[in-house]
Amino acid sequence: MSLLTVEFSPAVADIFVVGKASFKKTFTFNFDDSPIDFTDSELFGYISEYYNVEKKLDLNVTVFSDPTLGKINLELTPEQTSVLNRPRYVYSVFARKNTDIIKIASGQVLVELS
């Protein structure tokens with residue numbers, strides 16, 4: 001598992017995925033040196049060929065243990081990574097709290113095709 005700590009404003013980070021293999025990455029979000037509290041937040045994300053086009057694949061986004069620590073996990077199963085048949089995609093991750101939706105992370109998905 002890899003860990004990435006970022007200042008809150010959405011994070012921009014590339015992720016590396018091996019086709020037909022499981023994937024997991026943990027992000028830590030901070031604002032003013034304090035963790036972002038994801039209590040009562042719905043987290044979701046997706047992978048697409050380009051930004052602002054139809055999604056190709058949902059990302060499994062979960063809060064890592066205690067939501068007050070600002071950590072989330074991005075995960076893909078082998079079945080999900082097997083549909084990634086190009087070497088490069090983009091991803092976006094969002095947090096919804098009440099009626100507010102904010103993009104918290106985005107970047108490229110670099111795929112090692114198998």
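Remember, predicted model here, so these are calculated numbers, not experimental data.

**Brief notes about the pattern of salt bridges**
Okay, so step 1: One pass over the full model with this rule turns up three salt bridges.
Okay, so step 2: The partner of Arg-96 in a salt bridge is Glu-42, with the nearest N and O atoms 2.6 Å apart. With Arg-96 in strand β9 (residues 88-97) and Glu-42 in strand β6 (residues 42-48), this residue pair connects regions lying 54 residues apart in the sequence.
Okay, so step 3: Overall, Glu-42 belongs to the partly exposed group, its relative accessible area being 41%.
Okay, so step 4: Two residues, Lys-55 and Asp-58, come together in a salt bridge whose shortest N-O distance is 2.7 Å.
Okay, so step 5: Take Lys-55: its relative accessible area is 45%, and that puts it in the partly exposed class.
Okay, so step 6: According to the relative accessible area criterion, Asp-58 is partly exposed, its value standing at 39%.

**Let's talk about unusual backbone geometry**
Okay, so step 1: Look at Asp-33: it is not a glycine, yet its phi comes out positive at around 65°.
Okay, so step 2: Among the structural elements, Asp-33 can be located in the loop between β4 (23-31) and β5 (34-35).
Okay, so step 3: Relative accessible area serves as the criterion here: at 70%, Asp-33 is assigned to the exposed category.
Okay, so step 4: Positioned with a positive phi, Asn-52 is a non-glycine residue whose angle comes to about 65°.

**So, the confidence of the model for the protein**
Okay, so step 1: Of all residues in the protein, 92% attain a pLDDT of 70 or more, and the chain-wide mean is 90.
Okay, so step 2: Below pLDDT 50 for its whole length, residues 1-8 participates in 29 contacts with residues either more than four positions away or in separate chains.

**A short note on the nonpolar core**
Okay, so step 1: Counting 26 residues, the largest nonpolar core has Phe-29, Ile-47, Ile-72, Leu-74, Tyr-91 and Val-93 as the members making the most contacts within it.
Okay, so step 2: At the level of elements, β3 (15-18), β4, β6, β7 (55-63), β8 (71-76), β9 and β10 (100-112) are the ones that each hand at least two residues to this core.

**Section: the side chain of Ser-92**
Okay, so step 1: Here Ser-92 shows up in strand β9.
Okay, so step 2: Looking at Ser-92, the relative accessible area reads 2%, which means it is buried.
Okay, so step 3: Leaving out residues up to four positions away in the same chain, Ser-92 has contacts with Phe-44, Gly-45, Tyr-46, Tyr-51, Leu-59, Lys-103, Ala-105 and Ser-106.

**A word on the pairing of β9**
Okay, so step 1: Burial analysis of β9 places seven of its 10 residues in the buried class, the great majority of the element.
Okay, so step 2: Note: β6 against β9, seven bridges, orientation antiparallel. Its bridge partner lying in β9, Tyr-46 is registered against Ser-92.
Okay, so step 3: As consecutive antiparallel partners, β9 and β10 are separated by two residues, and within that stretch Asn-98 has a phi angle of approximately 60°, a positive value.

**Re the environment of Ala-21**
Okay, so step 1: Position of Ala-21 relative to the elements: it lies in the loop between β3 and β4.
Okay, so step 2: The spacing of Ala-21 and Glu-112 is 91 residues in sequence and 10.0 Å in space, taken between C-alpha atoms.

Parameters at a glance
Residues numbered from 1 in each chain as written. Predicted model: local features only at pLDDT ≥ 70, side-chain atom pairs only at ≥ 80, totals over all residues. Heavy atoms only, no water. Salt bridge = Lys/Arg side-chain N within 4 Å of Asp/Glu carboxyl O. Helix = DSSP H or I, 4+ residues; strand = E, 2+ residues; numbered from the N terminus. Buried < 20%, exposed > 50% of the residue type's maximum accessible area, 1.4 Å probe, protein only. pLDDT = per-residue confidence, 0-100. Contact = heavy atoms within 4.5 Å. Core = buried A, V, L, I, M, F, W, Y, C linked by side-chain atoms within 4.5 Å. Pairing = 2+ DSSP bridges.

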